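Fold and contact review
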Amino acid sequence: MGYLTNEALQAMGFKSVGENVKVSDKASIYNPEAIQLGDFSRIDDFCVVSGKVLIGKYCHITPMCLVAGGSPGVTLSDFCTLAYGVQVFAQSDDYSGSTMVNSLIPSKYKNEYMAEVFLEKQVIVGAGSIIFPGVMIREGCSIGAMTLVNKSTQPWGIYAGNPACRIKERKQDLLELEAQFLKEQQE
């Protein structure tokens, strides 16, 4: 996997780029002026990132993910991971037939639903999952593969299914590991 150089990242015109950021040369980035990349974060091959997107520190967007921030925005807080093929949407068309749809049609003919998506710290989203507009995935949640997240979660839960249901508690041991990791990074 080839990553863009720091010079290439700066030339793209991101709103901000942290230290040691890696973005694949095979990723598609749209609206870089609205995208913030946190320290030590990584975007892998064949990802599409567009619109208002804030990516925190130590976040990993693995291959073939879509993060569509649109104008409301998508936030990935520190230590978030999107596994292969995750799709995150901050806006959606009205599928009822009451209005027209798609990005080629002027907004006066459409009724798009737009709402910010927010992933709090230490969230992992499993392969092939989809996150709808307006969802907040609370701290420490684990979202199982192929899960449809259409409602916000509660902290430290393991969620799976279509639609997502909380199936059990997630251990918080990783918080001690996070503290140890961050301490070692400062030394």
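Here is a short report on the structure shown in this document. Remember, predicted model here, so these are calculated numbers, not experimental data.

1. Brief notes about the sheet that holds strand S15 (residues 117-119)
- Spatial strand order, S1-S4-S7-S10-S15-S18: six strands in an open sheet with parallel pairing. With one partner strand each, in any of the chains shown, strand S1 (16-17) and strand S18 (136-137) form the two edges of the open sheet.

2. A closer look at the environment of Ser-103
- Structurally, the position occupied by Ser-103 is in the loop between strand S13 (91-92) and strand S14 (113-114).
- Here Ser-103 falls in the exposed class, since its relative accessible area comes to 70%.
- As a C-alpha pair, Ser-103 and Arg-166 span 63 residues in sequence and 34 Å in three-dimensional space.

3. Overview of the sheet that holds strand S8 (residues 60-61)
- The sheet built from eight strands is open, its strands ordered S2-S5-S8-S11-S16-S19-S21-S22 with mixed pairing. Both edges of this open sheet fall to strand S2 (22-23) and strand S22 (165-169), since each of them pairs with a single strand only.
- Where strand S19 (residues 142-143) meets strand S21 (residues 157-160), two bridges bridge the pair, whose relative direction is parallel. Along S21, the bridge assignment pairs Ile-143 with Tyr-159.

4. Description of the environment of Arg-170
- Along the chain, Arg-170 falls in the loop between S22 and helix H2 (174-186).
- For the pair formed by Arg-170 and Ser-142, sequence separation is 28 residues and the distance between their alpha carbons is 7.2 Å.
- Aside from chain neighbours lying at most four places away, what touches Arg-170 is Gln-122, Ile-124, Gly-140, Cys-141, Ser-142, Trp-156, Gly-157 and Ile-158.
- A distance of 2.9 Å separates the side chain of Arg-170 from the backbone oxygen of Gly-140, its partner in a polar contact.

5. Focus on the packing of aromatic side chains
- What the rule picks out here adds up to four aromatic pairs.
- Between Tyr-58 and Phe-79 the ring centres are 5.2 Å apart and the planes differ by 5°, which places this aromatic pair in the stacked class. Here Phe-79 lies in the loop between strand S10 (74-76) and strand S11 (81-82) and Tyr-58 lies in the loop between strand S7 (53-55) and S8, a separation of 21 residues in the sequence.
- When its relative accessible area of 16% is taken as the criterion, Phe-79 is described as buried.

6. Digging into the pattern of salt bridges
- In total, this model carries six salt bridges according to the counting rule given.
- In this structure, Asp-44 and Arg-42 form a salt bridge, with 2.7 Å as the shortest nitrogen-oxygen distance.
- For Asp-44, a relative accessible area of 2% corresponds to the buried category.
- By relative accessible area, Arg-42 is classed as partly exposed at 31%.
- Residues Glu-178 and Lys-121 are paired through a salt bridge, measuring 2.8 Å at the closest nitrogen-oxygen approach. Here Glu-178, found in helix H2, pairs with Lys-121, found in the loop between S15 and strand S16 (124-125); they are 57 residues apart in sequence, far enough to count as distant.
- On the basis of relative accessibility, which here comes to 30%, the residue Lys-121 falls in the partly exposed class.

7. What about a nonpolar patch on the surface?
- Together, Phe-46, Met-64 and Tyr-84 line one region of the surface with nonpolar side chains, adding up to about 360 Å² of accessible area.
- With relative accessibility at 52%, the residue Phe-46 sits in the exposed group.

8. Thoughts on the nonpolar core
- Counting 35 residues, the largest nonpolar core has Ile-43, Ile-61, Leu-82, Leu-119, Val-125, Ile-131 and Ile-137 as the members making the most contacts within it.
- Setting aside anything within four residues of it in sequence, one finds Ile-137 in contact with Phe-118, Leu-119, Glu-120, Val-123, Val-125, Ile-131, Ile-143, Val-149 and Thr-153.

9. So, the side chain of Thr-75
- Secondary-structure assignment places Thr-75 in strand S10.
- Among the residues examined, Thr-75 registers a relative accessible area of 11% and is labelled buried.
- Apart from residues lying up to four places away in sequence, Thr-75 is in contact with Leu-54, Glu-116, Val-117, Phe-118 and Leu-119.

What counts, and at which threshold
Residues numbered from 1 in each chain as written. Predicted model: local features only at pLDDT ≥ 70, side-chain atom pairs only at ≥ 80, totals over all residues. Heavy atoms only, no water. Pairing = 2+ DSSP bridges. Helix = DSSP H or I, 4+ residues; strand = E, 2+ residues; numbered from the N terminus. Buried < 20%, exposed > 50% of the residue type's maximum accessible area, 1.4 Å probe, protein only. Contact = heavy atoms within 4.5 Å. Polar contact = N/O pair within 3.5 Å; in protein donor to acceptor, adjacent residues only side chain to side chain. Phe/Tyr/Trp six-rings, centres within 6.5 Å; stacked < 30°, edge-to-face > 60°. Salt bridge = Lys/Arg side-chain N within 4 Å of Asp/Glu carboxyl O. Patch = residues over 30% accessible without salt bridge, like charges linked within 9 Å, V, L, I, M, F, W, Y side chains within 5 Å. Areas by Shrake-Rupley, 256 points an atom, 1.4 Å probe, with all protein chains shown as cover. Core = buried A, V, L, I, M, F, W, Y, C linked by side-chain atoms within 4.5 Å.

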